[in-house]
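Breakdown of the fold
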Amino acid sequence: MKNDILKMQGVTKVFYTKTAQTVAVENLSLAVKEGEFVAIIGPSGCGKTTLLSLIAKLIEPTTGSILLSSNKKHAVGYMLQQDHLFPWRTVEKNVLLGLEVTKNLNYETKKYASDLLEKYGLGDFKKHLPSQISGGMRQRVALIRTLATNPDLLLLDEPFSALDFQTRLEVCDDVYSIIRRENKTTVLVTHDISEAISVADKIYVLSKRPAKVKKVFQCNLQEYTTPLKRRESEEFGKYFEEIYKCLNGADDEL
Amino acid sequence: MNFNEFSPMHLAYLKKQRTTKIVVHLLQVAFLLVFLGVWELATHLGWVDGFIFSSPSRVWKTLTDLFSQGDLIKHVWASTWETILGFFIGTVLGMLIAIILWWNDMVKRVFEPYLVVLNSLPKIALGPLIIIWAGTGKAAIVTMAVLISVVITALNMLVGFCQTEPSKILLMRTFKANKAQIFFKLVFPANIPNLLATLKINVGMSWVGTITGEYLVSKEGLGYLIVYGSQVFRLDLVMTCTIVLCLLAGLMYGSVALLEKSVKFDQ
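This write-up is about the structure you can find in this document.

Criteria and cut-off values
- Residues numbered from 1 in each chain as written.
- Chains lettered and ligands numbered in written order.
- Predicted model: local features only at pLDDT ≥ 70, side-chain atom pairs only at ≥ 80, totals over all residues.
- Heavy atoms only, no water.
- Helix = DSSP H or I, 4+ residues; strand = E, 2+ residues; numbered from the N terminus.
- Buried < 20%, exposed > 50% of the residue type's maximum accessible area, 1.4 Å probe, protein only.
- Contact = heavy atoms within 4.5 Å.
- Areas by Shrake-Rupley, 256 points an atom, 1.4 Å probe, with all protein chains shown as cover.
- Lys, Arg positive; Asp, Glu negative; His and termini not counted.
- Charge placed at Lys NZ, Arg CZ, Asp CG, Glu CD.
- Polar contact = N/O pair within 3.5 Å; in protein donor to acceptor, adjacent residues only side chain to side chain.
- Pairing = 2+ DSSP bridges.
- Axes fitted to C-alpha atoms, helices over the stretch in contact; angles between N-to-C directions.
- Parallel < 35°, antiparallel > 145°, perpendicular 65-115°, else oblique.
- Nonpolar A, V, L, I, M, F, W, Y, C, P; charged D, E, K, R; others polar.

Turning our eyes to something else, we now look at the overall build of chain B. Along the backbone of chain B there are 12 helices and zero strands. Walking chain B from its N terminus toward its C terminus, one meets helices and strands in the order α-α-α-α-α-α-α-α-α-α-α-α. If one aligns the C-alpha atoms of chain B with their principal axes, the spans along those axes are about 75 × 70 × 30 Å. Burial status across chain B gives 39% buried among its 267 residues. For chain B, the proportion of contacts with a sequence separation of at least 24, taken over those separated by at least 6, is 71%. Entry remark: accessible area of chain B is about 15600 Å², with carbon and sulfur atoms responsible for 72%. The averaged location of the 14 negative side-chain charges in chain B is 9 Å from the averaged location of its 21 positive side-chain charges.

Listed below in structure tokens is the structure:
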């Protein structure tokens, strides 16, 4: 049995504004095991991004605890919706950004980043500017920028939502295979059911805001090696239907 | 670039682009020549009074006289030096103010209204005060040039800094970046186009500061010559200095534009 790398217990997050207070996340508990690919799915605006910000410790929970079992200083890698590559930096310099900021830039880490670029087909584009490469490639660069800091836990916030459907499927395959090969524990947040089923081992379905866990699905599609193959599998439709029902069902079925 | 790869139609397109560019330049030169010609002719034929309106030939004569007396270089140098000094001090100071205000939200919220008021205040109104405070020498003129460019620089840069994409800042924060890292790795580089645009504005601003400063106090410089010329009714001198001023400001603007071109990146 593998250890939990992340454990959230009874987490609540309240935001205050001039006119109102908003409960974004309420009494939420979840756990992620080492090497697991977890998808968190919920209706738009239900507080998914808040959840990732909490895990990344960008914001503090109002109540509850978030435990991360890692001895690294920068244990969490966070990939945002858009690539946010800096247009004045070359692909290579963009990838090194995280290492520079965390003051981990040395010969070995630089080589690691450079090897990742080579390995995932960007070796010839190191000296290119982001504007000179395609949207799918930019997303790959963004992932490698996150991986370069060698995090124990990878957070993905709808990383494909900015891409058109065709590219989206390709990049999803891409990213999935990179994550699997680098053997990273991953939490993906999305509102796209098919995307969640095509990559995840475990799917948490969240309710409307305030986000609570409605149900947890275990996906047994590991025999299919790529997201695309999973999408074509027989079981895919069954999972889709179940999750769709759960997602759109009344919240009081809890 | 390899022109062999271009199709005939593409080459024709490029040629047309080039022709248009040449035609524009030719027309620009032609306009200047026609303008000078009509001006000269008008004074010769007595349509306008050459004593009041001057003429290209009179300007040329004044220019060569000034040059041979060694006055031209002296005055041009004085004004240019004051302007460059005002330009650099104003830009650096304005930038520092913008950085401080960006850095500390509390400071920004307290001082922004003052900055906005200062920006709308015509700085020339401070002229008499500056003379009393900074004396009647070059210091007063440079102070004027600095005052005119510093506020607009601070405001422009601050707006730029604050408009840095929040999600890019979030990206930096996911790497646990501190404020200095966010500034030097993201906010500042992202604002280089903004900085260059501000530099362009400041060229004009510091010339305004220098010339108005020289109007008020000074014993040399183009502004001094213009005021002196108008007082003794030597309008040839006034016209000549104005034209030299045009050339100098154009030259300075041109160098900033050149700098901009050399650091441009694809956004």
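Residue and element names in this part refer to chain A. Counting through the fold element by element, Asp115 comes out in helix 4 (residues 107–119). Residue classification places Asp115 among the partly exposed positions, given a relative accessible area of 37%. Along the chain, Asp115 and Ala148 lie 33 residues apart, while their C-alpha atoms are 9.7 Å from each other.

Moving on to the side chain of B:Thr91. Residue and element names in this part refer to chain B. Structurally, Thr91 is set in helix 4 (residues 71–103). By relative accessible area, which is 9% here, Thr91 ends up buried. Here the side chain of Thr91 touches Asn202 through a polar contact of 3.2 Å, side chain to side chain. The residues contacting Thr91, other than those within four sequence positions of it, are Thr153, Leu199 and Asn202.

This part covers the pairing of strand 1 (residues 4–16) of chain A. Residue and element names in this part refer to chain A. Where strand 1 lies against strand 2 (residues 21–33), nine bridges are found, and the strand directions are antiparallel. Paired with Lys13 across the two strands is Val25, which belongs to strand 2. Counting the residues that bridge the hairpin from strand 1 to strand 2 gives four residues. Pairing geometry for strand 1 and strand 4 (residues 63–68), over five bridges, is antiparallel. Note on strand 4: the bridge partner recorded for Thr12 is Thr63.

Residue and element names in this part refer to chain B. Two numbers describe how helix 4 lies on helix 11 (residues 222–231): the axes approach to 7 Å, and their chain directions differ by 120°. Between helix 4 and helix 11, the angle is such that the two are oblique. Judged by residue contacts, His75, Val76 and Ser79 of helix 4 engage Leu222, Gly223, Tyr224 and Leu225 from helix 11. Looking at the contact of helix 4 with helix 11, its residues break down into four nonpolar, three polar and no charged.

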